[in-house]
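Inside the fold
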Amino acid sequence: MNVLAVPEASFAVGIDLGGTQVRAALVDGKGTLLARAALPTDKAGGPKAVLGQMQSLVHEVSRSVGLDKVPAVGVASPGPLDARAGVILTIPTLPGWVDIPLVEWLSDWLGKPVTLGNDGVVAAVGEWHFGAGRGLQDFVYVTVSTGIGGGVIADGRVLQGRRSLASHLGHMTVEASGPLCQCGNPGCWEALASGTALGANARAAVLQHPASRLAALTEPLTGQHVFEAAAQGDALAQELVANEGRWLGVGIVNLLHLYSPELVVIGGGVSHGFELLHPIIRQHVDSYAMPPFRSVPIVRAALGSDSGLVGAAALAFMSLAEQP
Ligand SMILES: [Zn+2]
């Protein structure tokens, strides 16, 4: 049931709250992004200041059609958060964000219904309605960037779980004695396979291989540098990409066994290296997933860095469609 029961000529505003930027976009019922705006996140100002930024962004992107033509707003936010209650529990990257009733505040200020979702889940909703997962009943979206997040569509519904905390995919343990994760546990998937982990692995590796092409690139080395050097044939970079692909494969095999999706979609900054990573992930999945799970395609996100923005608008459309 991912055909939105809204006319194509209706509008919603999606907001994507990030640690560096607050972005907003006006989106129509076909998922077309009609206007966009962004502000640097007012970290020092705290939650009310950032909600004020959201309010002004909503006004700005709605200008072309008029705010009264925008019946609902969706917000994608880092978590953990309680989407059903509309409350952000905490955002580790934003000081002062503890138990913030974002939906209550913002809907009061805007005079419109506001829906909140975890950014990974919201990006999955974006890809489900308007991107690579269109028309599917079961699919998993994984975003691999600073951390790893994502969302699961199961049996045609967004998997929410208790307090809507499901799909913290990055915190499944993939190596019990592995490196420490931001969450405090050892060996989380994101501690081994995020863009942050790839960059850290690269910086450690060049110390051992000062003659590599990678060592000559500008510090601080990031995952993007690794993909560039690998594409140019640097052996060390190719080894790092192979390691990254294998760890992504480990997590994806788990996701296949857990959710049995028809498709796995990969987004986030690390997906810039998708062409290099895909054959390695594929090989790992084809070797380690149980045979009935092996034929599942693994593709790159269709909406790119806009999955969350478009997804937040899709969340707003969904909330309208669910109204009696
Ligand atoms: Zn963790």
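In this text the structure is predicted, and so the values were computed from the model without any measurement.

1. Structural notes on the packing of aromatic side chains
Tallying each qualifying case throughout the model produces zero aromatic pairs. The aromatic ring of Trp105 is capped on one face by Lys48, whose charged end is 4.3 Å from the ring centroid.

2. Some words on the pattern of salt bridges
With the rule as written, the count across this model stands at six salt bridges. Where Arg23 meets Asp16, a salt bridge forms, and the shortest distance between an N and an O atom there is 3.3 Å. Each member of the pair, Arg23 as well as Asp16, carries the same accessibility label: buried. A salt bridge links Arg163 to Asp82, with the shortest nitrogen-to-oxygen separation between them at 3.9 Å.

3. Comments concerning unusual backbone geometry
The step from Gly79 to Pro80 runs through a cis peptide bond, and the omega angle for that step is 5°. Its identity as a non-glycine residue notwithstanding, Arg163 has a phi of 50°, on the positive side. Here Arg163 lies in the loop between β11 (157–158) and α4 (189–193). A relative accessible area of 39% places Arg163 in the partly exposed class. For Ser260, which is not a glycine, the phi torsion comes out positive at approximately 45°. Within the secondary structure layout, Ser260 lies in the loop between α7 (235–259) and β12 (263–267).

4. Remarks on the coordination of the zinc ion
Protein coordination at the zinc ion: the donors are His171 (ND1), Cys181 (SG), Cys183 (SG) and Cys188 (SG), at 2.0 to 2.3 Å from the metal. Because the angles between the four donor atoms bound to the zinc ion fall within 104 to 122°, the donor set is best described as tetrahedral. The sequence motif formed by the donor residues of the zinc ion is H-x9-C-x1-C-x4-C. The pair formed by Cys181 and Cys188 is uniform in burial state, with each residue classed as buried.

5. Regarding the nonpolar core
In terms of nonpolar packing, the biggest core is built from 44 residues, with Val142, Trp189, Leu214 and Ile252 touching the most fellow members. Within the residue set of this core, elements represented by two or more residues are β9 (139–144), β10 (148–154), α4, α5 (195–208), α6 (223–231), α7, β12 and α8 (274–288). Counting residues per element, this core draws most heavily on α7, at eleven residues. If we skip the residues at most four places from it in the chain, Trp189 touches Val142, Ile148, Leu169, Gly170, Met172, Val174, Ser194, Trp247, Leu248, Gly251, Ile252 and Leu255.

6. As for the pairing of strand β2 (residues 21–28)
The element β2 is largely enclosed, with a buried count of seven among its eight residues. Here seven bridges tie strand β1 (residues 11–17) to β2, and the two strands are oriented antiparallel to one another. By the bridge assignment for β2, Ala12 is matched with Val27. Taking the residues that link successive antiparallel strands as the turn, the β1-β2 hairpin has three residues. In this structure, β2 lies alongside strand β3 (residues 33–40), joined through seven bridges in antiparallel fashion. Paired with Val22 across the bridge in β3 is Leu39. Counted between consecutive antiparallel strands, the loop separating β2 from β3 contains four residues, among which Gly31 sits at a positive phi close to 90°.

7. Description of α8
If you check α8, its first and last C-alpha atoms are 20 Å apart, about what 15 residues at 1.5 Å a residue would give, namely 21 Å. Within α8, burial applies to Phe274, Leu277, Ile280, Ile281, Arg282, His284 and Val285.

8. Brief notes about the domain arrangement of the protein chain
Per the domain assignment, the segments of the protein chain are domain 1 (11–126 + 305–322) and domain 2 (136–301). Computed over C-alpha atoms, the centres of domain 1 and domain 2 are 27 Å apart. Between domain 1 and domain 2, the residue contacts involve 14 residues of the former and 14 residues of the latter. Of the roughly 1100 Å² buried where domain 1 meets domain 2, counting both sides, 60% is carbon and sulfur surface. Looking at the side of domain 1 facing domain 2, the largest losses of area belong to Arg84, Val121 and Ala124, adding up to 40% of the total buried there. At the surface where domain 1 touches domain 2, the tally comes to three residue pairs in polar contact (both at pLDDT 80 or more). If you tally residues by element for the side of domain 1 that touches domain 2, the top one is helix α3 (residues 119–130), at five residues. Taken together, the residues of the side of domain 1 that touches domain 2 break down into nine nonpolar, three polar and two charged.

9. Observations regarding the sheet that holds strand β5 (residues 81–82)
The strands that make up a sheet are held in pairs by hydrogen bonds between backbone atoms, and each pair lies either parallel or antiparallel. Strand order in this open sheet of three strands is β5-β6-β7, and the pairing throughout is antiparallel. Of all the strands in the sheet, the pair left with one neighbour each is β5 and β7 (98–100). Of the pairings in the sheet, the one linking β5 to strand β6 (residues 87–90) comprises two bridges and is antiparallel in character. Looking at the pairing, Asp82 lines up with Val87 of β6.

10. Quick look at the sheet that holds β11
Sheet architecture is open: five strands sit in the order β11-β10-β9-β12-β13, paired in mixed fashion. For this open sheet the edge positions go to β11 and β13 (298–300), each flanked by a neighbour on one side alone. The pairing of β10 with β11 spans two bridges and is classified as antiparallel. Within β11, the residue paired with Ile153 across the bridge is Val158. Packing against the sheet, α8 makes contact with β12 and β13, and its axis sits at approximately 165° to β13.

So, how was this worked out
Residues numbered from 1 in each chain as written. Predicted model: local features only at pLDDT ≥ 70, side-chain atom pairs only at ≥ 80, totals over all residues. Heavy atoms only, no water. Phe/Tyr/Trp six-rings, centres within 6.5 Å; stacked < 30°, edge-to-face > 60°. Lys NZ or Arg CZ within 6 Å of the ring centre and 35° of its normal. Salt bridge = Lys/Arg side-chain N within 4 Å of Asp/Glu carboxyl O. Buried < 20%, exposed > 50% of the residue type's maximum accessible area, 1.4 Å probe, protein only. Helix = DSSP H or I, 4+ residues; strand = E, 2+ residues; numbered from the N terminus. Donors = N, O, S within 2.8 Å, 3.2 Å for Na, K, Ca; no water. Tetrahedral: all angles 85-135°; square planar, octahedral: opposite > 155°, others 65-115°. Core = buried A, V, L, I, M, F, W, Y, C linked by side-chain atoms within 4.5 Å. Contact = heavy atoms within 4.5 Å. Pairing = 2+ DSSP bridges. Expected span 1.5 Å × (residues − 1). Domains from an automatic or database assignment. Buried area = accessible area lost by both parts, 1.4 Å probe. Polar contact = N/O pair within 3.5 Å; in protein donor to acceptor, adjacent residues only side chain to side chain. Nonpolar A, V, L, I, M, F, W, Y, C, P; charged D, E, K, R; others polar. Axes fitted to C-alpha atoms, helices over the stretch in contact; angles between N-to-C directions.

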